[in-house]
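# Secondary and tertiary structure notes
Now for the letters of each chain:
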Amino acid sequence: IDEVIGAALDGEINIMDVFMPQPEVRTHIGNAIRHVRQKIHLQGHIGATMENGQYKRTREVPACDTFIRDFLSRFHTDYIDIGMIHFVDNLDDWQVIETQGVLDYALQLKQKGIIRAIGLSSHEPVTALKAVQSGHIDVLMFSLNPSFDLLPEETQIDALFERKTYDQGASNGINPVRQQLYETCAQLGVGITVMKTLAAGILLNPGISPFGAPLTVAQCEHYALTRPAVASVLVGCVSGEQVKQAL
């Protein structure tokens, strides 16, 4: 972690997404950026928790609050730049968030200054669009890349990472629901932070790339940054060299 964080800071990367609830991961990253906390935009997730040592997504407000307080402590901070409502991939889940306390909790955190902006992370454009249109979301974390953008809007998350999903023939271009989502974000002033920029590595692999040839990291990043409302691309890295490649 020290090598990755060091390379990111040396390259003046100024946004980090920390959805991971594991205490050792939070502690290590929190200590690594402590001296530059004011220069880093942190995304902390509302609803990413642990139970019996395992990651768990929850909509129980007390559990959400426990892990937000834990985040603040381990990052030596009294605020989170973007409080992401975690992993919302269907309309029923969004309704639960709207009506059973999670959204109200996020709004309270924002009112108190504990979070600076309310975010929502999603892989599913119909749900993301509904949430953005509610007027409560300041930042959308969305899975966006040149392969995902061509798929039907009902494609489930697990299918996004299966080669057979892309074997259905040529597409007519970017999915219109996805395009509407990006344009709506731009119209409403909702910034997009992009996840799955590299499609979990699929786009870099010559054997499974849906385009028949591998793309480069720079091509994937450039594509995402040209979409309406995109403010940043988030790239998972396991080494300092990968950070440098992304930069």
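As a reminder, the structure under discussion sits directly above these lines.
A brief look at the structure comes next.

About the criteria used
- Residues numbered from 1 in each chain as written.
- Predicted model: local features only at pLDDT ≥ 70, side-chain atom pairs only at ≥ 80, totals over all residues.
- Heavy atoms only, no water.
- Helix = DSSP H or I, 4+ residues; strand = E, 2+ residues; numbered from the N terminus.
- Rg over C-alpha atoms; globule rule 2.2 N^0.38 Å.
- Buried < 20%, exposed > 50% of the residue type's maximum accessible area, 1.4 Å probe, protein only.
- Contact = heavy atoms within 4.5 Å.
- Polar contact = N/O pair within 3.5 Å; in protein donor to acceptor, adjacent residues only side chain to side chain.
- Pairing = 2+ DSSP bridges.
- Right-handed = clockwise from strand over helix to strand, strands pointing away.

## Details of the overall build of the chain
Looking only at helices and strands, one finds 9 helices and 9 strands in the chain. Over its C-alpha atoms the chain spans a radius of gyration of 18 Å, differing by no more than 12% from the 18 Å that the globule rule assigns to 247 residues. Dimensions of the chain along its principal axes, counting C-alpha atoms only, are 50 × 45 × 35 Å. Split into buried and exposed, the 247 residues of the chain put 49% on the buried side. The long-range fraction of contacts in the chain, counting pairs at least 24 apart against all pairs at least 6 apart in sequence, stands at 72%.

## Describing the side chain of Ser-147
By the element assignment, Ser-147 lies in the loop between β7 (139-143) and α7 (176-188). Classification of Ser-147 by relative accessible area gives buried; the value is 2%. A polar side-chain atom of Ser-147 sits 2.6 Å from a polar atom in the side chain of Asn-145. Other than its neighbours up to four places away in sequence, Ser-147 contacts Tyr-166, Ala-199, Leu-203, Pro-210 and Phe-211.

## Focus: the pairing of strand β2 (residues 41-46)
Of all 6 residues that make up β2, 5 are buried, and the element is covered over most of its length. Strand direction decides the pairing type here: strand β1 (residues 15-18) and β2, joined by 4 bridges, are parallel. Within β2, the position partnered with Met-16 by the bridge is Leu-42. Read from β1 through helix α2 (residues 23-33) to β2, the crossover connection turns out right-handed. Where β2 meets strand β5 (residues 80-85), 4 bridges bridge the pair, whose relative direction is parallel. Following the sheet pairing, Gln-43 is matched in β5 by Ile-82.

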